[in-house]
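Okay, here's what each chain looks like letter by letter:
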Amino acid sequence: KEKGYFDLWENAAITLLPLDIAIRLVLKKRARQTQKDQTLDSLLIVIPGADDRQDGIALDSRFKDQGRVPLFYVNRKVDDGDEALNLYFTRKELITSWNDKHPGIPLPVIKALDLVGIFESIVRDRVETLPSTNLVFHPSQLSLKAARQLKARGLAPYSPNRIII
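Everything in this summary refers to the structure shown in the same document. Because the structure is predicted, anything quoted here is derived from the model rather than measured. (Residues numbered from 1 in each chain as written. Predicted model: local features only at pLDDT ≥ 70, side-chain atom pairs only at ≥ 80, totals over all residues. Heavy atoms only, no water.)

## A word on the packing of aromatic side chains
Evaluation of the coordinates by the stated rule reveals 1 aromatic pair. Relative to Phe137, the ring of Phe119 has its centre 5.6 Å away and its plane inclined at 20°; by these criteria the two rings are stacked. On the criterion of sequence distance, the pair formed by Phe119 in helix 5 (residues 115-123) and Phe137 in strand 6 (residues 135-138) is long-range, its members being 18 residues apart. On the accessibility criterion, Phe137 (21% relative accessible area) is partly exposed. (Phe/Tyr/Trp six-rings, centres within 6.5 Å; stacked < 30°, edge-to-face > 60°. Helix = DSSP H or I, 4+ residues; strand = E, 2+ residues; numbered from the N terminus. Buried < 20%, exposed > 50% of the residue type's maximum accessible area, 1.4 Å probe, protein only.)

Here's what the structure looks like:
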């Protein structure tokens, strides 16, 4: 132990990561050595916001499991003329998008897919298990705001093609 080493990490926390990096970390197990020379796999998980998790659980009890992140969608097209399956990180933003684009048309039944499950299906070449192979991820407004703030402070690259979670 060097004096001050633990002080350096005492308050360290990663709170925001680009989605592509988070998914790579989640899908890859990393072996690590313990102090007793045992080898263990490190598990990294993505945790949704509390409200988003509750909205997911209301649709499907599998979202009670740790590491399950609901992405909300409807079977009908959210964008006219677009064949893509639009996936939202928050149920509220899906509803807002639907109401903005389809005023007066009742909202179809909202469903949810698991974020990590989607990428596991893609990596393991099981895309036939997905409702569509043309997926569009819509970052939450909170994520967009955080990414812009990081960019303004010079702390992170921001791109409209990169989702920060």
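## A few points about the pairing of strand 3 (residues 70-74)
Of all 5 residues that make up strand 3, 5 are buried, and the element is covered over most of its length. Residues Pro70, Phe72 and Val74 point to one face of strand 3 and Leu71 and Tyr73 to the other, with burial holding for every one of them. Here 5 bridges tie strand 3 to strand 5 (residues 110-114), and the two strands are oriented antiparallel to one another. Among the inter-strand pairings, Phe72 is bridged to a residue of strand 5, identified as Ala112. (Pairing = 2+ DSSP bridges.)

## What to know about helix 5
All buried positions along helix 5 are accounted for by Leu115, Val116, Ile118, Phe119 and Ser121. Directly beyond the C-terminal end of helix 5, a positive phi value near 55° is found at Asp125.

## Remarks on helix 3 (residues 50-59)
Where helix 3 is concerned, the buried positions are Asp52, Gly56 and Ile57. Burial along helix 3 is one-sided: seen end-on, the buried residues are contained in an arc of 140°. In helix 3, the exposed positions angled more than 90 degrees off the buried face are occupied by Ala50, Asp51 and Ala58. Among the structural elements, strand 3 are those in contact with the buried residues of helix 3. (Arc of directions from axis to C-beta. Contact = heavy atoms within 4.5 Å.)

## Considering the side chain of Asp52
By secondary structure assignment, the location of Asp52 is in helix 3. Those residues in contact with Asp52 that sit more than four places away from it in its chain are Pro70, Phe72, Phe89 and Thr90.

## Quick word on unusual backbone geometry
The phi dihedral of Asp125 is positive, around 55°, even though this residue is not glycine. Of note, Asp125 is situated in the loop between helix 5 and strand 6.

## Side note on the nonpolar core
Within the largest apolar cluster, 15 residues are counted, with the highest numbers of intra-cluster contacts made by Leu71, Leu85, Leu87, Leu113, Leu115, Ile118 and Leu135. Elements with a minimum of two residues in this core: helix 2 (19-27), strand 3, strand 4 (85-88) and helix 5. In terms of residue count, the dominant contributor to this core is helix 5 (3 residues). Listed in part, the 9 residues of the second largest apolar core include Phe63, Leu94, Trp98 and Ile110. (Core = buried A, V, L, I, M, F, W, Y, C linked by side-chain atoms within 4.5 Å.)

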